[in-house]
Amino acid sequence: MPSILTWLSSLLRASGNAALIRDILCAAGIAAAVLNVFFGYRLARFWSVVFGAAVGAAAGYAVGGLFSTSLAVEIGALIAGAVIVALLFRRFFRFAVCVMLGVCTYLLMSELLPQWPAAAAYGPSFILAVSVAAGIAAAILTRIAWKVIIILCTAAGGSYTTVSTAVSLFSLHPSLNLYRGIILGLAAAGMLVQFIRNRR
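What you see as residue numbers is a count from 1 along each chain, following the sequence as written. Restriction of local features to residues with pLDDT of at least 70 applies here, the model being predicted, together with a cutoff of 80 or more for giving and counting side-chain atom pairs; totals for whole chains, interfaces and linings are based on all residues. Think of the side-chain values as coming from all heavy atoms in the structure, minus any hydrogens and water.

**Describing the overall build of the protein chain**
- Helix and strand definitions follow DSSP, with helices as H or I runs of at least four residues and strands as E runs of at least two, each counted in order from the N terminus. Of regular secondary structure, the protein chain possesses 9 helices and 0 strands.
- When its helices and strands are written in sequence order, the protein chain yields α-α-α-α-α-α-α-α-α.
- Principal axes of the C-alpha set define a box for the protein chain whose edges measure 50 × 40 × 35 Å.
- Expressed as a percentage of its 200 residues, the buried residues of the protein chain come to 30%.
- Restricting to contacts in the protein chain with at least 6 residues of sequence separation, those with at least 24 account for 74%. Each residue gets one of three labels from its accessible area relative to the maximum for its type: buried under 20%, exposed over 50%, partly exposed in between, using a 1.4 Å probe on protein chains only. The contact criterion used throughout is that any non-hydrogen atoms of two residues lie within 4.5 Å.

See below:
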């Protein structure tokens, strides 16, 4: 039996609209990222559950693949993993948010650092070490300065995701300074809005 990924790929090819589906997913990603820019603090609990479901689904799929090649078993393990970890993350909300923001910070840094010549010159090992350190620091700081770190991370991460995905989706070619300026401007606007809306 084919794996889940092979099955999904075959469905996309059979649909004849793989590009359209990709565009829809990108548009949905942009919408979610914009919500994060301006409402990230309010949505933290929701995103932590979604993050938990994704982690659980990946873990369930991996475990299911170890014990069976049956598509039904893989799907069952994926669903079970998603539900179990989502419920755990919902129960241990603050821990889940710390982990989520740590992972997101790591991913953001590992994406941004190679674009910075001064950091890229040190090589992949340096970028990995800095990204991991930044992720751990973000997770710890989130526990200490809950509201501030959540707002900073969601606004910055949402802004980068919004702009980078829109540039790719619409095949835009802005100058590097304009690209960075839009990201910084949107992030700053999101931080301002979130701090004003969550003053208490």
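**Looking at helix α7 (residues 124-144)**
- Its 21 residues place the ends of α7 30 Å apart at the C-alpha level, agreeing with the 30 Å of an ideal helix rising 1.5 Å per residue.
- Of all the positions in α7, only Ile 127, Ser 131, Gly 135, Ala 138 and Thr 142 are classed as buried. Buried residues of α7 fall within an arc of 70° about the axis and therefore sit on the same side. Relative to its buried face, α7 has exposed residues pointing more than 90 degrees away, namely Ser 125, Arg 143 and Ile 144.
- Looking at the buried positions of α7, the neighbouring elements they touch are α5 (93-112), α6 (117-120) and α8 (146-169). An expected span of 1.5 Å times one less than the residue number is assigned to each helix. As used here, the arc is the angular range of directions from the helix axis to the C-beta atoms.

**Description of the packing of aromatic side chains**
- Aromatic pairs are defined between Phe, Tyr and Trp rings, using the six-membered ring for Trp, whenever the two ring centres lie within 6.5 Å; interplanar angles under 30 degrees are classed as stacked, those over 60 as edge-to-face, and all others as tilted. Per the stated rule, a full pass over the model turns up 4 aromatic pairs.
- We call a charge positioned above a ring when the Lys NZ or Arg CZ atom is no farther than 6 Å from the ring centre and deviates by at most 35 degrees from the ring normal. A cation over an aromatic ring shows up here: Arg 91 above the ring of Phe 92, its NZ or CZ 5.3 Å from the ring centre.

**What to know about a positive patch on the surface**
- Like charges are joined within 9 Å and nonpolar side chains (Val, Leu, Ile, Met, Phe, Trp, Tyr) within 5 Å, but only among residues with over 30% relative accessible area and no salt bridge; these make up the patches. Residue burial considers only the protein chains on display, and all accessible areas are found by Shrake-Rupley using a 1.4 Å probe. Salt bridge, as used here, is a side-chain nitrogen of Lys or Arg placed within 4 Å of a carboxyl oxygen of Asp or Glu. Think of it this way: Lys and Arg go in the positive column, Asp and Glu in the negative one, and His and the chain ends go nowhere. Taken as the charge centre is NZ of Lys, CZ of Arg, CG of Asp or CD of Glu, depending on the residue. On the surface, a cluster of positive charge is made up of Arg 45, Arg 90, Arg 94 and Arg 143.
- Mapping Arg 94 onto the fold places it in helix α5.
- A relative accessible area of 39% means that Arg 94 is categorised as partly exposed.

**Things to note about the confidence of the model for the protein chain**
- Per-residue confidence from the prediction method is given by pLDDT, with values spanning 0 to 100. On average, the protein chain scores 87 in pLDDT, and the residues at 70 or more come to 91%.
- The element-level mean pLDDT for the protein chain is lowest in helix α1 (residues 4-15), coming to 60, with helix α9 (residues 176-197) highest at 95.

**Some points on a nonpolar patch on the surface**
- A cluster of nonpolar side chains, namely Leu 128, Val 132, Ile 136, Ile 140, Leu 141 and Ile 144, defines an oily patch on the protein surface of about 560 Å² accessible area.
- Inspection of the secondary structure assignment puts Leu 128 in helix α7.
- Note on Leu 128: relative accessible area 47%, which makes it partly exposed.

**So, the side chain of Thr 165**
- For Thr 165, the position within the fold is in helix α8.
- Side-chain atoms alone can form a polar contact between residues adjacent in sequence; in general such a contact is a pair of N or O atoms within 3.5 Å, and within protein one must be able to donate a hydrogen while the other accepts it. A distance of 2.6 Å separates a polar atom in the side chain of Thr 165 from the backbone oxygen of Thr 161.
- Excluding its chain neighbours within four sequence positions, the residues that come into contact with Thr 165 are Cys 26 and Ile 30.

**Observations concerning the nonpolar core**
- Only buried residues count toward a nonpolar core. Its members are Ala, Val, Leu, Ile, Met, Phe, Trp, Tyr and Cys residues joined through side-chain atoms within 4.5 Å. The biggest cluster of nonpolar side chains holds 12 residues, and these are Ala 44, Phe 51, Val 85, Phe 89, Phe 93, Ala 96, Val 97, Cys 98, Met 100, Leu 101, Trp 146 and Ile 150.
- A per-element tally of this core places α5 first, with 6 residues.
- Apart from residues lying up to four places away in sequence, Ile 150 is in contact with Gly 40, Tyr 41, Ala 44, Val 97, Leu 101 and Thr 142.
- In terms of nonpolar packing, the next biggest core, distinct from the first, is built from 5 residues, Val 163, Val 167, Tyr 179 and Ile 183 among them.

**Quick look at the environment of Ala 187**
- If you trace the backbone, Ala 187 turns up in helix α9.
- Once the C-alpha coordinates of Ala 187 and Ala 155 are considered, the two residues, 32 residues apart in sequence, prove to be 5.0 Å apart.
- If sequence neighbours within four positions are ignored, Ala 187 has contacts with Ala 155, Ala 156 and Ser 159.

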